[in-house]
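Residue strings, one per chain:
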Amino acid sequence: MMAFRLPGLHRRRSLTGAYLSSRGTSSSAVTSVLLRTASSPRTGRPLASASSSLASRAGVSASHVSFKRTGELSLAFTATSISSHLPSTSCRANSSLASAHPLPAAPWLTHNTSGTDSMGTSAVTSRSPPKYANFINGQFVASESTRLIDVTDPATNSVIAYVPQSSTEEMQMATDAAKAAYLKWREVPVQQRQRIMLQLQGLIRDNHDELAYLITAEQGKTLSDARGDVFRGLEVVESACSIGDLLLGETIENLADGLDCVSYRQPLGVCSGVCPFNFPAMIPLWMFPIAITAGNSFIIKPSEKTPGACMMLAQLAKEAGLPDGVLNVIHGAKDAVDYLCDAPDIRAISFVGSNTTGEYIHARGTSNGKRVQANLGAKNHSVILPDYPKTTAKAIAGAAFGAAGQRCMALSAAVFVGDAKAVVTDIVEEAKKFTVGCGFTEGVDVGPLISPESKTRVEQLVTQAIEQGAKLELDGRGTLVNGYTGNFVAPTILSNVDPSNIAHKEEIFGPVLVCLEANTLDDAIELINNNPYGNGCAIFTQNGACARKFQHEIDVGQVGINGECSFVLRYGYNCTMVPPFLLT
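Residues numbered from 1 in each chain as written. Predicted model: local features only at pLDDT ≥ 70, side-chain atom pairs only at ≥ 80, totals over all residues. Heavy atoms only, no water.

### Re the overall build of the protein
When you go through the protein residue by residue, the secondary structure sums to 17 helices and 24 strands. Sorting the 584 residues of the protein into buried and exposed places 60% on the buried side. Taking the intrachain contacts of the protein between residues at least 6 apart in sequence as the baseline, contacts between residues at least 24 apart amount to 73%. Accessible surface for the protein amounts to roughly 22300 Å². Of this, 50% is attributable to carbon and sulfur atoms. (Helix = DSSP H or I, 4+ residues; strand = E, 2+ residues; numbered from the N terminus. Buried < 20%, exposed > 50% of the residue type's maximum accessible area, 1.4 Å probe, protein only. Contact = heavy atoms within 4.5 Å. Areas by Shrake-Rupley, 256 points an atom, 1.4 Å probe, with all protein chains shown as cover.)

### With respect to the sheet that holds strand β18 (residues 380-384)
Strand pairing in a sheet relies on backbone hydrogen bonds, with the paired strands running either antiparallel or parallel. Reading across from one edge, β20-β21-β22-β19-β18-β23-β24 is the order of the seven strands in this open sheet, with mixed pairing throughout. Both outer strands of the open sheet, β20 (471-474) and β24 (558-561), are each paired with one neighbouring strand and no more. Each neighbouring strand pair of the sheet contributes to a mean axis angle of 25°, computed without reference to strand direction. Where helix α13 (residues 452-467) meets the sheet, its contacts fall on β20, β21 (492-495) and β22 (512-518), and the angle it forms with β21 comes to roughly 20°. Docked against the sheet, helix α15 (residues 521-530) engages β18, β19 (411-417), β22 and β23 (536-540), running at close to 175° with respect to β18. (Pairing = 2+ DSSP bridges. Axes fitted to C-alpha atoms, helices over the stretch in contact; angles between N-to-C directions.)

### Looking at the confidence of the model for the protein
Averaged over every residue, the pLDDT of the protein is 83; the share at 70 or more is 77%. In the predicted structure, residues 1-95 sits below a pLDDT of 50 and forms 241 contacts with residues beyond four places in sequence or in another chain. Predicted confidence for residues 564-584 stays below pLDDT 50, and this span has 98 contacts to residues more than four positions away or in other chains. (pLDDT = per-residue confidence, 0-100.)

### Brief notes about the environment of Ile215
Turning to its location among the elements, Ile215 is positioned in helix α5 (residues 208-219). Each C-alpha atom, one on Ile215 and one on Pro307, is 8.7 Å from the other, the two residues being 92 residues apart in sequence.

### Some words on the packing of helix α9 (residues 334-342) against helix α10 (residues 355-367)
For the pair α9 and α10, the least separation of the axes is 8 Å and the interaxial angle reads 35°. Along this stretch, α9 crosses α10, giving a crossing that reads as right-handed. Each of Lys334, Val337, Asp338, Cys341 and Asp342 in α9 lies in contact with α10, whose residues at this interface are Tyr360, Ile361, Arg364 and Gly365. Split into classes, the residues belonging to the contact of α9 with α10 amount to four nonpolar, one polar and four charged. (Left-handed = near helix turned anticlockwise from the far one by under 90°. Nonpolar A, V, L, I, M, F, W, Y, C, P; charged D, E, K, R; others polar.)

### Considerations on the nonpolar core
In a soluble, globular protein the nonpolar side chains are often hidden away together inside. Among the nonpolar cores identified, the biggest contains 136 residues, and Ile204, Val383 and Phe550 are the most heavily contacted of them. Apart from residues no more than four positions distant in its own chain, Val383 is found in contact with Val415, Val417, Leu521, Ala524, Ile528, Ala538, Ile539, Phe540 and Phe550. By size, the runner-up hydrophobic cluster in this structure holds 22 residues, among which are Val274, Ile299, Ala336 and Val372. (Core = buried A, V, L, I, M, F, W, Y, C linked by side-chain atoms within 4.5 Å.)

### Thoughts on the environment of Leu516
With respect to the secondary-structure elements, Leu516 resides in strand β22. Each C-alpha atom, one on Leu516 and one on Ala414, is 6.1 Å from the other, the two residues being 102 residues apart in sequence. Among all residues touching Leu516, those that are not within four sequence positions of it are Ala413, Ala414, Val415, Phe416, Val497, Asp498, Pro499, His504 and Leu527.

### Some points on the pattern of salt bridges
Per the counting criterion, the structure on display carries 18 salt bridges. Residue Asp324 is joined to Lys318 by a salt bridge in which the shortest nitrogen-to-oxygen separation is 3.1 Å. Since its relative accessible area comes to 31%, Lys318 is described here as partly exposed. Across the salt bridge formed by Arg364 and Asp338, the nearest N and O atoms sit 3.3 Å from each other. Taken together, the positions of Arg364 in helix α10 and Asp338 in helix α9 put the pair 26 residues apart, joining distant regions of the chain. Among the residues examined, Arg364 registers a relative accessible area of 27% and is labelled partly exposed. When salt bridges that share partners are traced, they join Lys334, Asp338, Asp342 and Arg364 into one network. (Salt bridge = Lys/Arg side-chain N within 4 Å of Asp/Glu carboxyl O.)

### Things to note about the packing of aromatic side chains
Within the structure shown, the criterion is met by five aromatic pairs. Measuring from ring centre to ring centre gives 5.9 Å for Trp108 and Phe140, while their planes differ by 55°; the resulting arrangement is tilted. Of this pair, Trp108 sits in the loop between α2 (80-83) and β5 (109-110) while Phe140 sits in strand β8 (residues 139-141); the two residues are 32 residues apart in sequence, bridging distant segments of the chain. A relative accessible area of 1% places Trp108 in the buried class. Put simply, the rings of Trp108, Phe135 and Phe140 touch in pairs and so form one group of aromatic residues. Just above the ring of Phe279 sits the side chain of Lys221; from NZ or CZ to the centre is 3.9 Å. (Phe/Tyr/Trp six-rings, centres within 6.5 Å; stacked < 30°, edge-to-face > 60°. Lys NZ or Arg CZ within 6 Å of the ring centre and 35° of its normal.)

### Topic: the pairing of strand β10 (residues 158-164)
With five of seven residues buried, β10 is to be regarded as a mostly interior element. Judged from the six bridges that link them, strand β9 (residues 148-153) and β10 form a sheet pairing that is antiparallel. Paired with Thr152 across the strands is Val159, a residue of β10. Taking the residues that link successive antiparallel strands as the turn, the β9-β10 hairpin has four residues, and the phi of Asn157 there is positive, at about 65°.

### Digging into the packing of helix α3 (residues 168-185) against α9
Close contact between α3 and α9 brings their axes to 11 Å; oriented N to C, the two are set at 40°. One element, α3, and the other, α9, form an angle in the oblique class. Note that α3 runs across α9; the crossing there is right-handed. On α9, the residues that touch Thr168, Met171, Gln172 and Thr175 of α3 are Asp335, Ala336 and Tyr339. Residue classes in the contact of α3 with α9 are distributed as three nonpolar, three polar and one charged. (Parallel < 35°, antiparallel > 145°, perpendicular 65-115°, else oblique.)

### Side note on the pairing of strand β17 (residues 371-375)
When you tally the buried positions in β17, you get four out of five residues, the bulk of the element. Bridge count for strand β16 (residues 346-352) against β17 is five bridges, and the pairing is parallel. Within β17, the residue paired with Phe351 across the bridge is Ala374. Once you follow β16 into α10 and on to β17, the crossover reads as right-handed. (Right-handed = clockwise from strand over helix to strand, strands pointing away.)

### Considerations on α5
Compared with an ideal rise of 1.5 Å per residue, which puts 12 residues at 16 Å, α5 spans 16 Å between its outermost C-alpha atoms and is within 8% of the ideal. When you tally the buried positions in α5, you get 12 out of 12 residues, the bulk of the element. Taken as a whole, α5 has its buried residues at His208, Asp209, Glu210, Leu211, Ala212, Tyr213, Leu214, Ile215, Thr216, Ala217, Glu218 and Gln219. Following α5 by one or two positions, Gly220 adopts a phi angle in the positive range, close to 100°. (Expected span 1.5 Å × (residues − 1).)

Written out as structure tokens, the structure reads:
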């Protein structure tokens, strides 16, 4: 048996600067980074000690905060200042009705909540969930906005915090702080900027479990996935520690008689980022560490659904020695995005998320003369040839259903060539082994979707696909988890899917695998290249010639050959781009 492996070939669809294309990125805007380790860098650290640093930042004695295991992780607080915001009993999967997982007290959370929630009702009670503060000029500043957005625990749909829709004045304060800080920060030698990143990566390692807890509480993914979320972002911070080579200029002697030409890479100024909900730590860490180490200042808007990890990262950056104003965090929804697109002092925007939002940001930002990098939707295919390896079914199931399918690198479509369709039965059996439940519960493989709306959309797309002729091999709709009222959808498999079926045309963003068929490898390649998305793909075969043909002819950003797919697709990172604030 031949195990043939090739590294990913990165041609991810993105909209970069003024370059707009549905096929790849500008060659000057691409660098390949293949992160080959998906496991947590620390496995033996007691969770009880992990909570102490977060507690100390919140002004709570570490002796009053502890983690304990009761079938899943739950927080036990005795501190008077925060006890009113926590459930009276531990959350267990087998309880009659689980309580929401609370957010530990932190300097970025305030309890003087005022205003109305997303339903337009008063959000003020003596036991109201906390409200997130903005991070402006090195300080957590409570927003005066009375327009609030609910932050919910996806496993229970209980409100655990509020996010303010920052006012224009507050966003301008952040911009002014970033603009003033940039003038001094750009003069700091790159070695010193790198040294701060070295301190930051150490702090992220030391607070790995606290970050993971915040991610699982707000996003719903399992703790193991949340730890991977942090670690994959950490690797970008580590890359920023040696950014000097990327900042080198160029020279050419005797460009003309007696004339030499020298070019420099200089920072742009104030840059910004707009983040999605699905990777609350990794994607902010794609953005601001590289930008600020290159000499820029930065304003970041985390997802209004999952802001906690980004706020903690801002705190850690301050503790690492980052000067006030170099990094700022604002909250909001469309108004905040519009502000970042329109503010004349903001020079560049980096975005990860849906096609609709990304195309909007690209159009609005570039119309205002900004550099915009927009990483949009995906539909990742695998091709299974009749000589597929024995591990194929397990690899495909993990890539399709991990993280509940809520990632840009989820394997959402499988193309079976000839007799390879027999492996569908094996994939169904592997999918049945996945446990669905709360992300804090030990042994859970698939957590909840982010919101009730996401669950409804996923289930409706499955129903529509069946109506259009797809065969339901495994039905995960209507999944109930004992003790929880969250947004659960179990692994779902559709076969006999035509390329024109809605399940193939749409990015489902849930634990759904659609199975298509092709007569030859050429047919499979043509099917994938005709799809408007091109983020990642993989082939399963023991034939080296077929693997080489596939990776050479496929027009997709990342290519996995057998074992590579189980990392690139299953663990769902993508770090193929040089941010627009590095391109001069």
